[in-house]
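# Remarks on the overall topology
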Amino acid sequence: MFPILETERLLLREIEKEDAGDLFAYFSNKEVMQYYGQEAFTSIEQVEALIEHFSNNFENQRGIRWGMQLKGTTRLIGTLGLNNLVLSHKRAEIGYEIHPEYGRSGYTAEAVQKVVSYALEELHLNRVGAMIYLENEASNKLIQKLGFQHEGVLRKYYEQNGKAFDINVYSILKDE
């Protein structure tokens, strides 16, 4: 059963096919996708395939992706989740994106805190990592503010739009 999480202002819930239009609004946005690790989407079919990918990852215990919904609304304003989930090694990586009109509102921090808490306390993970483009100043600041420790840089780790990018590696550990 998919875990539904709540914060003060957000409902974190399973992403459904009916959410494709909401996701397309930001997965087709070049500003949002510049640090996502792939090019902006050009069709709703790409979003539908992504939703299916999220669902398959959950079913196969390889990841959990929540839709971020403001309480009292039905629209998804972003997604976040645990990627590369390996329960046997008690680790995962967090990833997220939010529609630009909801950025810098504290929603992402609120959601990330809840998911990290869920990962460490409910899934009993030892480690939650984060991999963030060096150029993504807002995300680097956010993750550090939430207590993640910088571990180093992976050089030319992501290739996007014909250019190689270096990535900051962060983690937060259960016993810290």
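Higher on the page you've got the structure.
Let me sum up the structure you'll find in this document.

Rules used throughout
- Residues numbered from 1 in each chain as written.
- Predicted model: local features only at pLDDT ≥ 70, side-chain atom pairs only at ≥ 80, totals over all residues.
- Heavy atoms only, no water.
- Helix = DSSP H or I, 4+ residues; strand = E, 2+ residues; numbered from the N terminus.
- Rg over C-alpha atoms; globule rule 2.2 N^0.38 Å.
- Buried < 20%, exposed > 50% of the residue type's maximum accessible area, 1.4 Å probe, protein only.
- Contact = heavy atoms within 4.5 Å.
- Expected span 1.5 Å × (residues − 1).
- Pairing = 2+ DSSP bridges.
- Salt bridge = Lys/Arg side-chain N within 4 Å of Asp/Glu carboxyl O.
- Phe/Tyr/Trp six-rings, centres within 6.5 Å; stacked < 30°, edge-to-face > 60°.
- Arc of directions from axis to C-beta.

Here we take up the overall build of the chain. Along the backbone of the chain there are five helices and eight strands. Starting at the N terminus and walking to the C terminus, you meet the elements of the chain as β-β-α-α-α-β-β-β-α-β-α-β-β. Its C-alpha atoms give the chain a radius of gyration of 15 Å, near enough to 16 Å, the size a compact globule of 176 residues would have. Across the 176 residues in the chain, those meeting the buried criterion constitute 45%. Excluding contacts between residues fewer than 6 apart, the proportion of contacts in the chain whose partners are at least 24 apart in sequence is 59%.

Okay, helix H4 (residues 107-122) next. Taking 1.5 Å per residue as the helical rise, H4 with its 16 residues ought to reach 22 Å, and the 22 Å between its terminal C-alpha atoms agrees with that figure. Where H4 is concerned, the buried positions are Tyr107, Thr108, Ala109, Glu110, Ala111, Val112, Val115, Val116, Tyr118, Ala119 and Leu120. Phi for His124, located one or two positions after H4, is positive at around 60 degrees.

Looking now at unusual backbone geometry. Although it is not a glycine, Lys90 sits at a positive phi angle of roughly 55 degrees. Given a relative accessible area of 35%, Lys90 falls into the partly exposed group.

For the rest of this paragraph, the subject is the pairing of strand S8 (residues 163-173). Where strand S6 (residues 127-133) meets S8, seven bridges bridge the pair, whose relative direction is antiparallel. Each bridged residue has a counterpart across the sheet, and for Arg127 the counterpart in S8 is Leu173. In this sheet, S8 lies alongside strand S7 (residues 149-160) in antiparallel orientation, the contact comprising eight bridges. Residue Glu159 lies in a different strand from S8, and its bridge partner there is Ala164. Joining the antiparallel neighbours S7 and S8 is a turn of two residues, in which Asn161 adopts a positive phi near 50 degrees.

What follows is about the sheet that holds S6. As summarised here, the arrangement of the eight strands in space is S1-S2-S3-S4-S5-S6-S8-S7, forming an open sheet in which the pairing is mixed. Single-partner strands in this sheet number two, and they are strand S1 (5-6) and S7. Pairing of S1 with strand S2 (residues 10-14) involves two bridges; the strand directions are antiparallel. What sits directly across from Leu5, in S2, is Leu12.

Okay, the pattern of salt bridges next. Following the criterion strictly, the structure yields six salt bridges and no others. Across the salt bridge formed by Glu101 and Arg75, the nearest N and O atoms sit 3.6 Å from each other. Of this pair, Glu101 sits in the loop between strand S5 (91-98) and H4 while Arg75 sits in the loop between strand S3 (64-70) and strand S4 (76-86), and the two are 26 residues apart along the sequence. A relative accessible area of 53% places Glu101 in the exposed class.

Attention now goes to the packing of aromatic side chains. Applying the stated criterion to the full structure yields 11 aromatic pairs. Ring geometry for Tyr35 and Tyr133: centres 5.5 Å apart, planes at 55 degrees, overall tilted. Highlighted residues: Tyr35 in the loop between helix H2 (30-33) and helix H3 (44-59) and Tyr133 in strand S6, separated in sequence by 98 residues. Classification of Tyr35 as partly exposed rests on a relative accessible area of 26%. Among the aromatic residues, those joined into a ring-pair cluster are Tyr35, Tyr133, Tyr157, Tyr158 and Phe165.

Looking at helix H5 (residues 137-145), one finds that the buried residues are Ser139, Asn140, Leu142 and Ile143. Down the axis of H5, the sector holding all buried residues measures 165 degrees, keeping them to one side. Counted as exposed and oriented over 90 degrees from the buried face of H5: Glu137, Lys141 and Lys145. In the stretch just after H5, Gly147 is the one whose phi turns positive, near 100 degrees.

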